[in-house]
Protein chains: 4
Amino acid sequence: MSAITLQQARDIIAASLAEGAKRGLKPLGILVLDAGGHLIAYERQDGASIGRFAVAMGKASGALQIGVSSRKIGEMAAERPTFVSSLAPLLPHGAVPAAGGVIVVDDKGSVLGAVGISGDTSDNDEICAIAGIAAAGLLVQS
Amino acid sequence: MSAITLQQARDIIAASLAEGAKRGLKPLGILVLDAGGHLIAYERQDGASIGRFAVAMGKASGALQIGVSSRKIGEMAAERPTFVSSLAPLLPHGAVPAAGGVIVVDDKGSVLGAVGISGDTSDNDEICAIAGIAAAGLLVQS
Amino acid sequence: MSAITLQQARDIIAASLAEGAKRGLKPLGILVLDAGGHLIAYERQDGASIGRFAVAMGKASGALQIGVSSRKIGEMAAERPTFVSSLAPLLPHGAVPAAGGVIVVDDKGSVLGAVGISGDTSDNDEICAIAGIAAAGLLVQS
Amino acid sequence: MSAITLQQARDIIAASLAEGAKRGLKPLGILVLDAGGHLIAYERQDGASIGRFAVAMGKASGALQIGVSSRKIGEMAAERPTFVSSLAPLLPHGAVPAAGGVIVVDDKGSVLGAVGISGDTSDNDEICAIAGIAAAGLLVQS
């Protein structure tokens, strides 16, 4: 496997939304990117604010650009705030330092893309992303 | 009715893709925007080039910004090329002067959002957008 | 094969430069992008002007975004100038409508990346790109 | 000597990569800029994340713009964070305040260009840059 298909992206989004519904989360914006950071699919639930796309994109695209999850970028930002702040304007969609941007890999660890979610707490956003990736039969970068 | 729901956006995309499949078109990128020009949903078919999102966005967002379809913006561009060229850098996602960006209205003519498609010829992109809007029980701005 | 390796990118650049030397061309800037439009390798020959990178990037990245060679984008621009002009500001590195940006595919036609060259005439730039891709054992998108 | 040649840039990159391999570092992105901050050469190792170019560029270009290494910009940022943060958006590729962007000078101290590396820790990135510059027979700005 060398790319996330549209059908897999749909499966990720559907399972992420189902996880959010099960947990009673706020309305979410969910996107799936290919390995180059380009959008395959996006859905924004009714009632989610209009900026969810930008935030989810900043999580997932930033994760792909730096090569670690947006949770780890958040940990980097806690240790080296000026370094991480300096990166955002250099990257096409910034790098949001908060959980919810998760890199998808194949069974050899090669990057296939990323999932970005925004809408509830960062921790909950990430839980839904991981649930979505697993439901689609794909792997999260460790 | 005052907004396109996520379910309606899904219906539009599914019906647009079905129309493209029926006609044997190239892989498409299809998006649905709300009345503020913000993304509700997007799908890119396997094999579509990575710039489909930007082009579809430039059609649909430009249509909403100017208040007419991207086909009409194309006609304006033929008559007044420097005027239309001057608009693009002022608008958040430009204004692509080619068919495929279609404004969605309610039965009173109020704007609900827009559909943008890129991937095949502009004419075919627009045919799919109109088919998708009709299938979702919504109306195209006349 | 699902990606252009750094070694293949070096082979492309070396063979493109050799073709330029054989033909006595002006100093060239040559880059190789992955399928997502991200830089793998670049070399600028001594004496080439400082803008060669931007022009080569605009050719190769634009080709990947639109899904056709920059030569074909040039042909599109001749037929539909306002349409093609409208795309450049929407794409991360524009879309230069002149030969010299060539898409690289695998034997199934899947996009692996692109080569962009700037420095001599557009036709000569493209000849070198095609020679480089062939020398690396890769294929040009037909 | 008044400029870094392409051959010297290749030598810098090859020696920097050799240093990284010797130390078992993560995959690197390495670039060499001329005195005007314009790219001479770049290589990204297989497996390096797609944002390595932007980060390496932000280190090397920022160093040239401010006239000190990106390590010193990092020290400035620790003392005067809002000052350094204010510079990034004013500069063409920002100014990343972390080691790995090193200015190259001739034997009279005149600036010839810069090397930028991203991929491993900032300290390791800088070690590889310095090793590469030395191997090419050039000098690091003191």
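It should be noted that the structure appears before, not after, this text.
These numbers were taken from a predicted model, which means no experiment stands behind them.

## Things to note about the relation of the copies chain B and chain C
Each copy superposes on the other: chain B lies on chain C with an RMSD of 0.1 Å after a rotation of 86 degrees and an axial shift of 0.3 Å. The superposition of one copy onto the other is thereby described by a four-fold rotation axis. Of the C-alpha atoms belonging to chain B, the one lying closest to the rotation axis is found on B:Pro89, 5.2 Å away.

## Details of the packing of helix 2 (residues 52-66) of chain A against helix 3 (residues 70-79) of chain A
Residues and elements named next belong to chain A. Running from amino to carboxyl end, helix 2 crosses helix 3 at an angle of 75 degrees, the nearest separation of the two axes being 8 Å. With respect to helix 3, the element helix 2 is oriented roughly perpendicular. Note on element contacts: helix 3 touches helix 2 through Ser 70, Ile 73 and Met 76, opposite Lys 59, Gly 62, Ala 63 and Ile 66. Of the residues assigned to the contact of helix 2 with helix 3, the class counts are four nonpolar, two polar and one charged.

## Side note on the sheet that holds strand 2 (residues 39-44) of chain A
Pairing is antiparallel across the open sheet formed by ten strands, whose spatial order is 5(A)-3(A)-4(A)-1(A)-2(A)-2(B)-1(B)-4(B)-3(B)-5(B). Bordering the open sheet on either side are strand 5 (139-140) of chain A together with strand 5 (139-140) of chain B, each of which pairs with just one other strand. Sheet topology places strand 1 (residues 29-34) of chain A next to strand 2 of chain A; five bridges connect them, and they run antiparallel. The residue of strand 2 of chain A that forms the bridge with A:Val32 is A:Ala41. Of the strands in this sheet, strand 1, strand 2 and strand 4 (111-118) of chain A together with strand 2 (39-44) of chain B are in contact with helix 1 (residues 6-22) of chain A, which crosses strand 2 of chain A at around 25 degrees.

## A closer look at the interface of chain A and chain B
Every contact between the two is made by 16 residues of chain A and, on the other side, 16 residues of chain B. For the pair chain A and chain B, the summed buried surface comes to about 1,500 Å²; carbon and sulfur atoms form 50% of the total. The largest per-residue losses of area from chain A upon contact with chain B belong to A:Leu6, A:Leu39 and A:Arg44, which jointly make up 32% of the total buried on that side. Close ionic contact of B:Asp34 with A:Arg44 constitutes a salt bridge, the shortest N to O distance being 2.8 Å. In this assembly, chain A and chain B are joined by 13 residue pairs in polar contact (both at pLDDT 80 or more). The set of elements that each furnish at least two residues to the side of chain A that touches chain B consists of helix 1 and strand 2 of chain A. The element best represented in the side of chain A that touches chain B is strand 2 of chain A, accounting for six residues. Its residues assigned to classes, the side of chain A that touches chain B comprises eight nonpolar, three polar and five charged.

Conventions adopted
- Residues numbered from 1 in each chain as written.
- Chains lettered and ligands numbered in written order.
- Predicted model: local features only at pLDDT ≥ 70, side-chain atom pairs only at ≥ 80, totals over all residues.
- Heavy atoms only, no water.
- Least-squares fit on C-alpha atoms with pLDDT ≥ 70 in both.
- Axes fitted to C-alpha atoms, helices over the stretch in contact; angles between N-to-C directions.
- Helix = DSSP H or I, 4+ residues; strand = E, 2+ residues; numbered from the N terminus.
- Parallel < 35°, antiparallel > 145°, perpendicular 65-115°, else oblique.
- Contact = heavy atoms within 4.5 Å.
- Nonpolar A, V, L, I, M, F, W, Y, C, P; charged D, E, K, R; others polar.
- Pairing = 2+ DSSP bridges.
- Buried area = accessible area lost by both parts, 1.4 Å probe.
- Salt bridge = Lys/Arg side-chain N within 4 Å of Asp/Glu carboxyl O.
- Polar contact = N/O pair within 3.5 Å; in protein donor to acceptor, adjacent residues only side chain to side chain.

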